[in-house]
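Take a look at the letters that make up each chain.
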Amino acid sequence: MFNETICENDIRRIAIVGSGLAGLTAAIKLKQQGHDVTVFEKSRGPGGRLAAKRVAGGSADVGAQYFTARNPDFLPFLTEFAGNDSFNTWTGHLGFQDKQGQWQAFPDEPRYVGTPRMTAISRALGAHVNVVAETRIEQLVHNNDGWLLSDTGGEQVGQFDQVIITAPPAQARDLLAQSDLPELAAQLDDAVSRVLPCWAVAARFEENPWPRHVGMRCDHNALYWVANNSSKPGRENADLNDKGVWWVLHANADWTKQNVDATLEQVTADLTAAFRGLTGSDAKVTDSVAHRWLYARSEGGASPGHLWFEEQGIGLAGDWLSGGRVEGAFDSASSLVSACSAKPVSR
């Protein structure tokens, strides 16, 4: 079935499914090599977990809260392709609760956020590549010319030599299974079981309920992470006296699973009540927005960096393959591009 060889120096037609940081990184790096790259995104625009919701006075980061840059190639990549104005350092004290409920300080290292919102990074990166939005890829069909991609409406969207999937593992597994690639889909079963859901609520308080930290990892029966969104650089809603202060509340995985089908109103009420209990504050909530992440973060398991199936010309990348952090998405995509560019692809 796979008997055609594409020389390494040939221009390849490459489809990338998903326009989070991994997908955009792979697209830019492959385009630099001279390949013809198309990125398909099911939502209205790029971003993945670099997500924000519009709120009164600005926006609130409901997905990834910040990122580190331990890989020396990461910040230069963002500087070149997203620009210095798209991200900045987030200063302030971050803390975590130990098992006795006492607050401890996070390790001291630079932490970065998109400005004026996390999506600024993905929007800037997406401007360098061809992103086809509002198109969910449902099936890959192999023929003599490579892979023919179809969307959920049954429309054929293009013919490609290689396909890179950067969707969460559950969605990647479904796509592979629906594309008559069960042996590849089965390799994602463990990864699927390790991806955790998360309810997120952004709430505006009349006054800051917790001035001590700008972000906190919680040891709590409902809350996993809380952060003062208004403390981040470039936010339009940082004037406490005029517009209040926005905090983002992330539920832990167990609580989310127990309340996965709860209404937005009930989730908001429960998590803001939990936050009041955690901080001991009675600050009034004046506005809120909620979002449910079914595939929020990966926990535990192996971190191979990427998956590359050379015979089929299919690769997988994402933070879930490289430690789960935002920076892991960049690492994963970079290692996959190196792998799929290292030698000819046999079909």
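The structure under discussion appears in the preceding block.
Not measured: the values here are computed from a predicted model. Numbering of residues begins from 1 in every chain and follows the order in which that chain's sequence is written. This being a predicted model, a pLDDT of at least 70 is required before a residue's local features are given, and a value of 80 or more before pairs of side-chain atoms are given or counted; all residues contribute to the totals for chains, interfaces and linings. Side-chain numbers come from the whole structure's heavy atoms, not from hydrogens or water.

Draft legend 1. Examining the packing of helix α2 (residues 74-81) against helix α3 (residues 119-126) more closely. Two elements in contact, α2 and α3, have axes whose closest approach is 9 Å; the angle formed by their N-to-C orientations is 65°. Listed contacts from α3 to F77, L78 and F81 of α2 are I121, A124 and L125. A fitted line through C-alpha atoms serves as each axis, taken over the contacting stretch for helices, and the angle formed by two N-to-C directions is quoted from 0 to 180°. Numbering of helices and strands runs from the N terminus, with a helix taken as a DSSP run of H or I at least four residues long and a strand as a DSSP run of E at least two residues long. Residues are treated as being in contact if the distance between any of their heavy atoms lies within 4.5 Å.

Draft legend 2. Looking closely at the sheet that holds strand β20 (residues 307-309). The rule for pairing is simple: two strands pair if DSSP sees at least two bridges between them. Spatial ordering of the open sheet is given by β10-β3-β2-β14-β21-β20, a layout of six strands whose pairing is mixed. This sheet does not close on itself; its edge strands, each paired only once, are β10 (130-132) and β20. Recorded for the sheet is a direction-independent mean angle of 20° between the axes of neighbouring strands. Pairing analysis gives three bridges linking β20 to strand β21 (residues 314-316), with the strands arranged antiparallel. Within β21, the residue paired with F309 across the bridge is I314. Along the sheet, helix α1 (residues 21-32) makes contact with β2 (13-17), β3 (36-40), β10 and β14 (162-165), crossing β2 at roughly 165°.

Draft legend 3. Spotlight on the state of the cysteines. A pair of cysteine sulfur atoms is labelled a disulfide when the two atoms are within 2.5 Å. On inspection of all chains with the given rule, the structure shows zero disulfides. Sulfur of C218: no disulfide; nearest cysteine sulfur belongs to C198 and is 11 Å away.

Draft legend 4. View of helix α4 (residues 169-178). Buried within α4 we find P169, A170, A172, L175 and L176. D180 occupies a position one or two residues after α4 and carries a positive phi of about 60°. Only protein chains enter the calculation, and the probe is 1.4 Å; a residue is then buried if its accessible area is under 20% of its type maximum, exposed if over 50%, and partly exposed in between.

Draft legend 5. Spotlight on the nonpolar core. For this analysis, a nonpolar core means a set of buried residues of the types Ala, Val, Leu, Ile, Met, Phe, Trp, Tyr and Cys, connected via side-chain atoms within 4.5 Å. In terms of nonpolar packing, the biggest core is built from 43 residues, with I16, L21, L30, F67, L78, W90 and L125 touching the most fellow members. Not counting residues within four places of it along the chain, the set of residues in contact with L125 comprises L21, L24, I28, F77, L78, F81 and A82. Grouped together as the second largest cluster of nonpolar side chains are 25 residues, L140, V163, A172 and F309 included.

Draft legend 6. Structural context of the sheet that holds strand β15 (residues 195-205). Spatially, the seven strands line up as an open sheet ordered β8-β7-β16-β17-β18-β15-β19, and their pairing is mixed. In the strand order of this sheet, the two ends are held by β8 (103-105) and β19 (285-298), each with one partner. Sheet twist, expressed as the mean angle between neighbouring strand axes with direction ignored, is 20°. The pairing of β15 with strand β18 (residues 245-251) spans six bridges and is antiparallel. Along β18, the bridge assignment pairs R204 with W246.

Draft legend 7. Looking closely at the pairing of β18. β18 sits mainly inside the fold: seven of its seven residues count as buried. Alternating residues of β18 divide into V245, W247, L249 and A251 and W246, V248 and H250, and every residue in both groups is buried. Here strand β17 (residues 223-228) runs beside β18; their pairing, made up of five bridges, is antiparallel. When the sheet's bridge partners are listed, N228 is paired in β18 with W247.

Draft legend 8. Structural view of the packing of aromatic side chains. We call Phe, Tyr and Trp rings a pair once their centres come within 6.5 Å, taking the six-membered ring for Trp, and we label the pair stacked below 30 degrees between planes, edge-to-face above 60, and tilted otherwise. All told, the structure shown has 15 aromatic pairs when counted by the stated rule. With centroids separated by 6.0 Å and ring planes inclined at 50°, the aromatic side chains of Y66 and W90 adopt a geometry described as tilted. Taken together, the positions of Y66 in the loop between β5 (58-61) and α2 and W90 in the loop between β6 (87-89) and β7 (94-97) put the pair 24 residues apart, joining distant regions of the chain. When the centroid spacing of 6.4 Å and the interplanar angle of 45° are considered together, the rings of F106 and W225 count as tilted. Taken together, the positions of F106 in the loop between β8 and β9 (112-114) and W225 in strand β17 put the pair 119 residues apart, joining distant regions of the chain. Taken together through their ring pairs, the aromatic side chains of F67, F74, F77, F81, F87, Y112 and F330 make up a single cluster. The aromatic ring of W90 is capped on one face by K232, whose charged end is 5.1 Å from the ring centroid. Remark: a charge is flagged as sitting over a ring if the NZ atom of Lys or the CZ atom of Arg is within 6 Å of the ring centre and within 35 degrees of the ring normal.

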